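The chain contents come next:
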Amino acid sequence: MIRLTAISRQVSRGWAVRGLASSAGHLPNSKSPIVAKLNFFNSVTGSDELIPTYRVLDGVGNPIEGAEIPEINEQYARKLYEHMQLLPTLDNILYSVQRQGKISFYMTAHGEEATIIGSAAALENDDEVLGQYREMGVLLWRGFGLNNVMAQCFGNEEDTSGKGRQMPVHFGSTKHHFHTISSPLATQIPQAAGVAYSLRRTPDRRDRSIAACYFGEGAASEGDFHAGLLLASTIPAPALYIARNNGFAISTPSTEQFYGDGIASRGPGYGIDTVRVDGNDVLAVLGAVREARRRCLEQGRAVLVEAMTYRVGHHSTSDDSFAYRARSEVEDRKRVDNPIARFRLFMESQGWWNAEAEEELKTRLKADVMTAFKRAESLKRAELGELFTDVYGGEQPWNIKEQREELAGLLRKYGEAWEPWKNELKKFKNSGKDLLNQ
Ligand SMILES: Cc1ncc(C[n+]2csc(CCOP(=O)(O)OP(=O)(O)O)c2C)c(N)n1
Ligand SMILES: [Mg+2]
């Protein structure tokens, strides 16, 4: 009672002294200025303008006046370009391999090459990456290699991501600090806050490593997006959130996904530094993500980058996007601001690239991908018994043991007698003998 009276006296004295119009801090935890004018707002720019998009190259690869081009030399530019070109080479081949029924599923990154390679290049190779599914290019940038890509997509005995037990494109590699992709959307967003927090609590990584988390603008509609950003802004934790705004969540265009100014407008709501970048300009992405990473480390807090791009390919091999968008729109987007063509023109303007180099690169990449594909195709799957390993850590629980015994029993009954099973078993290393003979 006494305390309450004291507080109310203090409050009324403050109001009397400062006056309503100019005072701030009328509540103990708010520095919001007091105003007499009723003002609703619906913009984070302060004016009614949309959040601008940062770019350094124009649509045909010329530096924009006043733009700061990140410092890169010829060798580094070639590395960027080669990786950007590797993505469509792999995508074209694996897409048709899926169509031939040799793998079950595939997702391309057509149109998003600059976003993926530019951001991969801006990270340190041991920053922890939590991807959505279109970020195979980050692994390639880190030296994962074509054989590993193929092994995962074919699910063969060399698949180090998951021993063939995951859908294609669900890559993962401890060695490359790339956390295994999960199909349920947005799970990686709060997980990245946790990973980043654990980095902050690990003495030799605290001032050195961040968690980089990729997601689509569609995934940002999940509750996990909000939970993740709130967590990483308040704990705080150095999580760098990279939203790939490619215009679609399967058939839902971004215009139907949110009513606000994209994903970037949400960053300031969580009190975090935010930037929107032209995701088709590899140098802008490189520069923006480098700076975002620097801030993330310096502040030990989340940072948000929204990369504006366009999904040129179908959502996945299970989709036909011409059922919900015009072919002409896609053809236009392939031409306008094409991320690969733009950077190639920039390289040519520097004297770093020409038609001959282009021809040599395309031939070489195609040959490398075909060699890896043929090799993967000829390999067996992991031993059948691997189906039951690694489900849980420690001793195998009773239910997994029971399932293993049940399959072994079925194999003894049909495995050597029934043609369809006999043929299927031949595809596994040791033809299922590890279970048959247990
Ligand atoms: C929780 C959940 N809901 C729905 C899906 C089905 N689904 C898979 S991808 C996708 C679209 C995601 O779009 P976006 O995040 O923009 O990524 P993009 O495919 O455009 O790269 C949907 C709805 C899912 N995998 N998980
Ligand atoms: Mg999308």
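Note that this is a predicted model, so its numbers are computed, not measured.

## Here's the deal with the overall build of the chain
Working step 1: When helices and strands are counted, the chain shows 14 helices and 8 strands.
Working step 2: Looking at the chain as a whole, 39% of its 438 residues qualify as buried.
Working step 3: Sequence-distant contacts in the chain: of pairs separated by 6 or more residues, those separated by 24 or more amount to 73%.

## Let's talk about helix 5 (residues 146-154)
Working step 1: Burial runs high along helix 5: 8 of the 9 residues are buried.
Working step 2: Turning to helix 5, its buried residues number three or more, namely Leu-146, Asn-148, Val-149, Met-150, Ala-151, Gln-152, Cys-153 and Phe-154.
Working step 3: If you follow the buried residues of helix 5, they end up packed against helix 2 (74-99), helix 4 (136-141) and helix 11 (355-378).
Working step 4: Phi turns positive one or two residues past the end of helix 5, at Gly-155, with a value near 60 degrees.

## Concerning the domain arrangement of the chain
Working step 1: Domain boundaries in the chain define domain 1 (1-39), domain 2 (74-378) and domain 3 (384-436).
Working step 2: Relative placement of domain 1 and domain 2: their C-alpha centres are 49 Å apart.

## Thoughts on the site of ligand 1
Working step 1: If you check the shell around ligand 1, you find 16 residues, and the closest are Leu-185, Gly-216, Gly-218, Ala-219 and Ala-249.
Working step 2: Those elements that provide at least two residues to the shell around ligand 1 are strand 3 (211-216) and strand 5 (248-249).
Working step 3: Split by residue class, the shell around ligand 1 holds 7 nonpolar, 5 polar and 4 charged.

## Observations regarding helix 2
Working step 1: The terminal C-alpha atoms of helix 2, which comprises 26 residues, lie 38 Å apart, in line with the 38 Å expected from a rise of 1.5 Å per residue.
Working step 2: When helix 2 is considered as a whole, its buried residues turn out to be Leu-80, Tyr-81, His-83, Met-84, Gln-85, Leu-86, Leu-87, Pro-88, Leu-90, Asp-91, Leu-94 and Val-97.
Working step 3: Looking at the buried side of helix 2, the elements it contacts are helix 3 (113-122), helix 4, helix 5, helix 8 (282-299), helix 10 (339-349) and helix 11.
Working step 4: Once helix 2 ends, the next one or two residues include Gly-101, with phi positive near 80 degrees.

## Observations concerning the nonpolar core
Working step 1: Grouped together as the largest cluster of nonpolar side chains are 95 residues, with contacts concentrated most on Cys-213, Ala-239 and Val-305.
Working step 2: In terms of residue count, the dominant contributor to this core is helix 8 (10 residues).
Working step 3: Setting aside anything within four residues of it in sequence, one finds Cys-213 in contact with Leu-130, Gln-188, Ile-189, Ala-192, Ala-239, Leu-240, Tyr-241 and Ile-242.

Rules of the game
- Residues numbered from 1 in each chain as written.
- Chains lettered and ligands numbered in written order.
- Predicted model: local features only at pLDDT ≥ 70, side-chain atom pairs only at ≥ 80, totals over all residues.
- Helix = DSSP H or I, 4+ residues; strand = E, 2+ residues; numbered from the N terminus.
- Buried ≥ 20, exposed ≤ 12 C-beta atoms within 10 Å, placed from the backbone.
- Contact = placed C-beta atoms within 7 Å.
- Domains from an automatic or database assignment.
- Near = placed C-beta within 6 Å.
- Nonpolar A, V, L, I, M, F, W, Y, C, P; charged D, E, K, R; others polar.
- Expected span 1.5 Å × (residues − 1).
- Core = buried A, V, L, I, M, F, W, Y, C linked by C-beta atoms within 7 Å.

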